[in-house]
Amino acid sequence: MKRRFMHLVCAFLLLTLLVPIQAAAAEAGSAVAAESLNSGVTMVAGGSDHTLDLKQDGTVWAWGNNEYGQLGDGTTIDRYTPVQVQGLDSVVEISAGSRFSMALKSDGTVWAWGGNWNGQLGDSSVAYRNIPVQVTTLSSVVAIASGHYHNLAVKSDGTVWAWGWNIHGLLGDGRWNIHDAVVGEGSMNGSSSPVQVKGLGSVVDVAAGFLHSLALKSDGTVWTWGNNDSGQQGVPGGLTFNDGPYTTTYRNTPVQVQGLDSVSAIAAGYSHTLALNSNGTVLAWGSNSSGQLGDGSTTTRYTPVQVTKLGSVSAIAAGSSHTLALKSDGTVWTWGHNNSGELGEGSATSSSSPVQVSELDSVSAIATIDGSHSLAVKSDGTVWAWGNNSLGQLGDGSTINRYTPVQIANPEAPHWLEYDVLTVTDVTYNSVQLNWQHATDETGIDKYLVYQDNTLLATLNSDVNSYEVNGLSSDSSYFFSLVAVDADGNQSVKKEESASTAANNPVPEAETLLYRLNGTILDFDQSRIIWKETGDKSLWMYNRTDKSQVKVYDANGSNRTISTAKLSADGVVYSISGTGTHYWEDGAVQNSWDTLDTARPYEVKGNFAVFGHNVVNVKTSESRSLLNSSFKNRNSFDLSADGTVVYEFINGIRRHLPDDTFTTFNPPSSEYPNTYNGPLTDGKNILYNAYTENGGYSKWSLQVRSADGQVTKIALNPIDHADSYLTDPRTSYQINNGWIAYKEYNKEIERWTLKVRSPEGETKQVYTAPKWWQLTGVPLSIKQLGPDGTVAYTFKDTTYLYSAQEGKLLYSFSGPGELQHRDSLWYRIDGGSLYQVDRVDPNQLQLSDSKTYQAGGSNYVYSLYYGYISTSGQELSGSWSPPEGFHGFVKVSMVSPEGEDYDLSLETVGEGNRLPEGTTKLPDGTEYGATEVPGGYRAEWRVKGRTGDDYSPDKKVFVYVSIEYDNH
């Protein structure tokens, strides 16, 4: 834990130093800044003859010996420059042992790869792995350490877990040597899955050497176990173990190192140990044959001694027989063995006291372990190495030992320019669509890898930015991830997204599922959908034409949420908690408001928005003040797409035009009590409530004022204050293109009704609600009125769609969701799902009535169809096919007051043939025909308007069909 804290401190210093660089890069292009930040290294780890580094983006890179796959690139080829560890990101800590590697991810899981003959990979096997595998039964880990052939991990509860080689009690669980052996490739002398170290709690960090282990507790004490033949435990004594020709001492459970109570960091070498005191001094003990204890001697020490001439130390690292210390001034100091130049001061002479590494400063992290090379990370994110390089472990492209630091190449992986690029749309019960924005890379993107629940699902070309996943189970959750790969095989960090499929509820026949998004749809039109992800943190605009989408807003980890969002004519108007309202267009915020009446609009239409006292052109930011207005919701005004606002003005109504002129309408003095409210408009007429007195009781009179000033009273109802003051008046009445839908109370039957009035004044009763226990507050509500007289309304939990022109109910559904009309089509929205209501085909004749009966072994069907001819040359059609094994006889008659304007045709169709039948026209305009229909054929009849004739939308035609069929 202390080690991780130091890494965080170093990362913070790195970020601080990078701020001016990032600011300059932002002026030249934000992509450069993002790349520089993500490519910086924050941590290094040295194995016996290979090296790892951890970048700030959470990816891991490796180089050196790869005989057992310890570089994790999917091969066993040695690498002299860094290659990326495959399939690994979100890493926060790394460690390396003898020909194996390990990484801790931000989710608390641990991953390992490389040699595994003693189970040191912890995956319950002894198989070698050239790509990372997860350590089994281990979670909530906060710190890791690798020894020669064993590993340690600290969990968030302060316990320590160990696996791998267990000779001399290295795992600390009270056993020693062979146990939990696994049958498989390689040999086994330990545990291939984690076991708990006995008697330890409150541990914050661990360290592992060749044959011993260490733990640092939160109280600053140090605990140790394993081999002690060189005094590396710092506690003399231990059990005697006869190991062939050798006699050693060991402990298979932890013992406290005495005299240490303010330690902030620990390190373990091959057979020596270090502790960093909180005052910046360093203590050492164990083997000292090469002067690795730094006390000026080569005498083995069985208890801690202080490293000479060294203070202000912030980090320590121990190699095979040498030691490193990082001072607070950014310099690095070394001592001990130096045959390969691992001390970095330019010679091959060992030293028993600290010497400074040549030409190295501004260092933020150091590393070395079971080997003879050393590593450092500078505050600019560059990596430097020196010492043994026989297998390319320095990463400079050679195998030449280096006696002073050399800089290591820092290859780039693809990176994402946006904070969140992977989204899920079009979710059905068995499929989802993944969408993403392209990654970038200097060498170009070669391919994209799509994973489902961490299993590779698809490999896609670099120009692809969407993928449909099929064959999923209904009502199930899935985890998807995306990786970009460049031409060199380097992989980006994973972009991840989860999604849940819908329940496999059959979609009603009267609707078609168009889209299912992983969130909530806020607004849409024929070409766009505005939706927010679950959690109210991200706002997206989806293009219905090409299925692409762009992010409008993302909270980027803040606690701000999306309050409202509406489509304007050209962009999006949205409000964010605590930041006001913003107008977004062409990929960027163009205008913002944070003072206009709490800066949250109550309505958006066209390019205009209404706030508490103002109407604003969102494109130009021009604002018009609405005199005497004080809107708290949508209940007291109506906005038109051209910017016209009608609103309650004192006791009357004011129409405020885009040119800032206005007209005020006040009730006549004879009306009681001189009050108008709830104004709605269709651009020409104004519909509103006028309060009056009737029979000694207060009533509201629904009135419409036409453009020429004529006032028509439509209904007189009991006052329902909930309708008039507390809720949107649109629930009680609406106006659109001259059509008016309204509720009216029928006193005779004591029930509320819903009616629709045409522009010509014709009224149709749409619905009569059941008798209610109270006069007002009946749950009958108008939802939307279409420009053709179709109206959506609800009663209790059922929604209906009615056509006033056709005089019939078109569709209904129960449960959640609402109907919306857009560009002559009706849709149903249910959270993140958008359905289209399948209106009856206007070119199909519609069945009005039908009767069937059987007599004399034959079946008879008599049906009446109707339809509307609304355009020149339009055809209305119908058809009938006999059941399998039957044949029939069909007679068709067309009847219409305007019969001379239509033509009837009749055909027998089947086996690739069309056989026209003649028809006869009578003087009154009736036209008829008949045909036989063999088995496997069908009869088709058509009514066609004559080309060049002028047709109104209400020209109705009736077709009577008589069918007789049998199996003779």
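Residues numbered from 1 in each chain as written. Predicted model: local features only at pLDDT ≥ 70, side-chain atom pairs only at ≥ 80, totals over all residues. Heavy atoms only, no water.

**Observations concerning the sheet that holds strand 42 (residues 562-567)**
By way of backbone hydrogen bonds, the strands of a sheet pair with one another, either parallel or antiparallel.
Right, so step 1: Read from one edge of the open sheet, four strands run 42-43-44-45, paired in antiparallel fashion. A strand with exactly one partner marks an edge of an open sheet, and here the two such strands are strand 42 and strand 45 (588-593). Strand after strand, the sheet turns through a mean of 20 degrees between neighbouring axes, direction not considered.
Right, so step 2: Two strands pair when backbone bridges link them, and strand 42 and strand 43 (residues 572-576) are joined in this way by five bridges, in the antiparallel orientation. What sits directly across from Lys566, in strand 43, is Val573. (Pairing = 2+ DSSP bridges. Helix = DSSP H or I, 4+ residues; strand = E, 2+ residues; numbered from the N terminus. Axes fitted to C-alpha atoms, helices over the stretch in contact; angles between N-to-C directions.)

**Structural notes on unusual backbone geometry**
Right, so step 1: A positive phi angle, near 55 degrees, is found at Ser362, a position not held by glycine.
Right, so step 2: Mapping Ser362 onto the fold places it in the loop between strand 25 (351-356) and strand 26 (363-367).

**Some thoughts on the confidence of the model for the protein chain**
Right, so step 1: Per-residue pLDDT for the protein chain has a mean of 86; in total, 88% of the residues score no lower than 70.
Right, so step 2: Throughout residues 1-38 the model reports pLDDT below 50, and contacts reaching past four residues in sequence, or to other chains, amount to 51 contacts.
Right, so step 3: Low pLDDT (under 50) marks residues 178-187, which in the prediction has 27 contacts with non-local residues, meaning those over four places away or in another chain. (pLDDT = per-residue confidence, 0-100. Contact = heavy atoms within 4.5 Å.)

**Section: the side chain of His168**
Right, so step 1: Within the secondary structure, His168 sits in the loop between strand 11 (160-165) and strand 12 (190-196).
Right, so step 2: Within polar-contact distance, the side chain of His168 engages the side chain of Asn227 at 2.6 Å. (Polar contact = N/O pair within 3.5 Å; in protein donor to acceptor, adjacent residues only side chain to side chain.)

**A short note on the pairing of strand 65 (residues 808-814)**
Within a regular strand, side chains alternate between the sheet's two faces.
Right, so step 1: Where strand 64 (residues 798-803) and strand 65 come together, six bridges link them in antiparallel fashion. In the strand pairing of strand 65, Tyr802 is matched with Leu809.
Right, so step 2: Between strand 64 and strand 65, which pair antiparallel and follow one another directly, the connecting turn spans four residues, one of which, Gly807, has a positive phi of 70 degrees.

**Observations regarding the pattern of salt bridges**
Right, so step 1: With the rule as written, the count across this model stands at 29 salt bridges.
Right, so step 2: Its salt-bridge partner being Asp554, residue Lys551 comes within 2.4 Å of it at the nearest N-O pair. In this pair, the class of Lys551 matches that of Asp554, namely buried.
Right, so step 3: With a shortest N-O distance of 3.5 Å, Asp570 and Lys619 are connected by a salt bridge. Placement of the pair is Asp570 in the loop between strand 42 and strand 43 and Lys619 in the loop between strand 48 (614-617) and strand 49 (623-625), with a sequence separation of 49 residues.
Right, so step 4: Residue Asp570 is classed as partly exposed on the basis of its relative accessible area, which comes to 38%. (Salt bridge = Lys/Arg side-chain N within 4 Å of Asp/Glu carboxyl O. Buried < 20%, exposed > 50% of the residue type's maximum accessible area, 1.4 Å probe, protein only.)

**A short note on the sheet that holds strand 64**
Right, so step 1: Ordered in space as 62-63-64-65, the four strands form an open sheet in which the pairing is antiparallel. Each end of this open sheet is capped by a strand with a single partner; those strands are strand 62 (780-785) and strand 65. Looking at each pair of strands side by side, their axes are set apart by 20 degrees on average, direction ignored.
Right, so step 2: The pairing of strand 63 (residues 790-795) with strand 64 spans six bridges and is antiparallel. For Val791, the partnering residue across the bridge sits in strand 64 and is Tyr802.

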